[in-house]
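# Examining the three-dimensional arrangement
In case you want the letters, here they are:
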Amino acid sequence: MVYAKDKRTELLLEEDWHNIVYDRRYVAVVSGEMRETDGVIANWLKDNKAYFTYSSPVDNGGKYAVTHFHVLARSPRYSLVEYRLETGRKNQIRVHSADMGHPVCGDVKYGNGDDIIGRLCLHAYILCFYHPITHRRMEFATPIPPTFRTVFK
């Protein structure tokens, strides 16, 4: 969903979104202790007729998706992970996390039933893009939800 002060700017944002965004990051609490501190997962994502997104290591007619991850905190049961999207596909983080064996907590569709705070433990916290008219850098950040951090105390 895109909002702007005027229709022209809104349309420019929508039309060129993938080219003007230069950084978008999310944090998530995932099930299990991730061994790797950093990494990249890349594959093709495609929806089936039931609108379930699934991945394939080979081109399946879907869209190529690349997710970079960095572990911020660990416990024996959970990991706090930062995701930086190189591509922005539907359900990309949720599917890639599940593919790695560490589904996002609270994810009823791609998860394992680990609902630790009564909600999906996925939060968009950094969005950076070039303004479509002024071309100035626009950077927005929100804090990591405190409830995510309580899992690691």
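In what follows, the accompanying structure is described. Since the structure is predicted, the reported quantities are computational estimates derived from the model, not experimental observations.

### Some details on the nonpolar core
Core analysis: the largest hydrophobic core is formed by 24 residues, its most contacted members being V29, V30, V81, Y83, V104 and F148. Among the elements of the structure, β1 (21-31), β4 (63-74), β5 (78-85) and β6 (122-130) are those that each provide at least two residues to this core. The element that contributes the greatest number of residues to this core is β5, accounting for 5 residues. Excluding its chain neighbours within four sequence positions, the residues that come into contact with V81 are Y26, V27, A28, V30, M34, F69, H70, V71 and L72.

### Considering the packing of aromatic side chains
What describes a pair of aromatic rings is the distance from one ring centre to the other and the angle between the planes of the rings. All chains considered together, the criterion is met by 5 aromatic pairs. Measuring from centroid to centroid gives 4.7 Å for Y22 and Y130, while their planes differ by 40°, and the two rings are tilted. In this pair, Y22 is assigned in strand β1 and Y130 in strand β6, connecting sequence segments 108 residues apart. The partly exposed category is assigned to Y130, whose relative accessible area is 31%. Measuring from ring centre to ring centre gives 5.9 Å for F129 and F140, while their planes differ by 25°; the resulting arrangement is stacked.

### Concerning the pairing of β5
Burial runs high along β5: 7 of the 8 residues are buried. For β1 and β5, the ladder comprises 7 bridges, and the chain directions are antiparallel. The partner of A28 across the bridge, within β5, is V81. In terms of strand pairing, β4 meets β5 through 7 bridges, oriented antiparallel. Bridge pairing links F69 to Y83 in β5.

### Section: helix α1 (residues 7-15)
Each α-helix winds once per 3.6 residues, and so residues spaced three or four apart point in a common direction. Of the positions making up α1, those classed as buried are T9, E10 and L13. Buried residues of α1 fall within an arc of 100° about the axis and therefore sit on the same side. Exposed and facing more than 90 degrees away from the buried side of α1 are K7, R8 and E15. On the buried face of α1, the contacting elements are α2 (17-20) and β6. Where α1 begins, the side chain of D6 points an oxygen toward the backbone nitrogen of R8, at a separation of 3.2 Å.

### Considerations on the pairing of strand β3 (residues 53-56)
When strand β2 (residues 38-47) meets β3, the two strands line up antiparallel, connected through 4 bridges. When the bridges of β3 are listed, D47 appears paired with T53.

### Notes on the environment of V30
Position of V30 among the secondary structure elements: in strand β1. Relative accessible area serves as the criterion here: at 0%, V30 is assigned to the buried category. Each C-alpha atom of the pair V30 and L122 lies 8.8 Å from the other, and the pair is 92 residues apart in sequence. If we ignore the near neighbours within four places in the chain, the residues touching V30 are R77, Y78, S79, V81, Y83, S97, H102, P103, V104 and C105.

Rules behind the numbers
Residue numbers run consecutively from 1 along every chain, following the written order of its sequence. Reporting of local features is limited, given that this is a predicted model, to residues whose pLDDT is at least 70; pairs of side-chain atoms are given and counted only at 80 or more, and all residues count toward the totals for whole chains, interfaces and linings. To obtain the side-chain values, all non-hydrogen atoms of the structure were used and water was disregarded. What we call a nonpolar core is a set of buried Ala, Val, Leu, Ile, Met, Phe, Trp, Tyr and Cys residues that are connected through their side-chain atoms within 4.5 Å. Only protein chains enter the accessibility calculation, which uses a 1.4 Å probe; a residue whose area is less than 20% of its type maximum is buried, one above 50% is exposed, and one in between is partly exposed. In this description a helix means any DSSP run of H or I spanning at least four residues, a strand means any run of E spanning at least two, and both kinds are numbered starting from the N terminus. We call two residues in contact when some of their heavy atoms are within 4.5 Å. What counts as a ring pair is set by centres within 6.5 Å for rings of Phe, Tyr and Trp (its six-membered ring), and what kind of pair is set by the plane angle: stacked under 30 degrees, edge-to-face over 60, tilted for all other angles. Note on pairing: two strands pair once DSSP finds at least 2 bridges between them. The directions from the helix axis to the C-beta atoms are what the arc is built from. Polar contact is the term for a pair of N or O atoms within 3.5 Å; when the atoms are in protein, one must be able to donate a hydrogen and the other to accept it, and sequence-neighboring residues count only if both atoms are side-chain atoms.

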